[in-house]
Every structure is written in C-alpha cells, then in structure tokens.
Amino acid sequence: VQLVESGGGLVQPGGSLRLSCAASGFPFSRYVMRWYRQAPGKDRDLVAHITSTGGSTDYADSVKGRFTITRDNAQHTVYLQMNSLKPEDTAVYYCNALGTYIYWGQGTQVTVSS
C-alpha cells in the first residue's frame, strides 16, 4: 500500500498550489479520502474530505471557499487545489485513506511566505 503526495513547495501569500496523492495497493474507489495538515507544534487537523464516489465533500472552516478536494478514481489519485493561500496554511499536508483500513502518506511541505 502506498500513498504518495506531491505538489508542495514555497508560495507567496495569495498564491496557489495543487497537491496530488497517488494511491496504490488497495481498492481506492471504495475508500473515503482526506487531506490533513500539521503545523509545527500543533495537532494534525482534518482539512478536507471526499466520499468514495466523489459525490460529497466537506472542509474545515478555515479553508472553505479557498480549497477544493477532488478525486479521479480511474487514476487512483486525490487532489487538493489550494487558492488564496495564507501564511497560516503553512504545514505538512498528509493524504489519508479511510475504509476497511486506514492508510497515511508521508506528507508534503507547504510553506506560504513572502
């Protein structure tokens, strides 16, 4: 089983990034997918959630209207489009798969700074 995140990096406030999480080794289309983030010294928080079919999504209040989670079940990939980024969005972002089992990716760093 693998969840491999990519797309993180350094971006200026107001900028955008698109994170990807490529999944393998489990029935991706049967799993709820989530993005979490963890800033230094803080807990890991849920950012966004998408159901197995992609028919329903939910977001933390802090990112509503700025972030969009989508998935491509044919490509076994989940995405997080992040717009209007703020310094407080700086964190390591983790992909999570929730189903019969729970799987985590290794994380990708997002830094929002001028």
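Check the entry above for the structure.
Residues numbered from 1 in each chain as written. Predicted model: local features only at pLDDT ≥ 70, side-chain atom pairs only at ≥ 80, totals over all residues. Heavy atoms only, no water.

**What to know about the pattern of salt bridges**
Then step 1. A full pass over the atoms with the stated rule returns three salt bridges.
Then step 2. Of the charged contacts, one joins Asp89 and Arg37 as a salt bridge, the two residues approaching to 2.9 Å between their closest N and O atoms. Here Asp89, found in the loop between strand S8 (77-82) and strand S9 (91-98), pairs with Arg37, found in strand S4 (residues 32-38); they are 52 residues apart in sequence, far enough to count as distant.
Then step 3. Residue Asp89 is classed as buried on the basis of its relative accessible area, which comes to 1%.
Then step 4. Asp61 is paired through a salt bridge with Lys64; the nearest N and O atoms lie 3.3 Å apart.
Then step 5. Taking the relative accessible area as the measure of exposure, Asp61 reaches 66% and is therefore exposed.
Then step 6. Linked by salt bridges that have partners in common, Arg37, Arg66 and Asp89 make up one network. (Salt bridge = Lys/Arg side-chain N within 4 Å of Asp/Glu carboxyl O. Helix = DSSP H or I, 4+ residues; strand = E, 2+ residues; numbered from the N terminus. Buried < 20%, exposed > 50% of the residue type's maximum accessible area, 1.4 Å probe, protein only.)

**Topic: the sheet that holds strand S7 (residues 67-72)**
Then step 1. Reading across the sheet, the four strands line up as S1-S3-S8-S7 and stay open at both edges, with antiparallel pairing between neighbours. Whereas interior strands pair on both sides, the edge strands pair on one side only; in this sheet they are strand S1 (2-6) and S7. Between one strand axis and the next, the sheet turns by 15 degrees as a mean value, whatever way the strands run.
Then step 2. Direction of pairing for strand S3 (residues 17-24) relative to S8: antiparallel, over a ladder of six bridges. Bridge pairing links Leu17 to Met82 in S8. (Pairing = 2+ DSSP bridges. Axes fitted to C-alpha atoms, helices over the stretch in contact; angles between N-to-C directions.)

**Notes on the state of the cysteines**
Then step 1. A complete count under the given rule lists one disulfide for this structure.
Then step 2. Two residues, Cys21 and Cys95, share a disulfide whose sulfurs are 2.1 Å apart. Taking the torsion about the S-S bond as the criterion, the Cys21 to Cys95 disulfide, at about -80 degrees, is left-handed. Here Cys95 lies in strand S9 and Cys21 lies in strand S3, a separation of 74 residues in the sequence. (Disulfide = S-S within 2.5 Å.)

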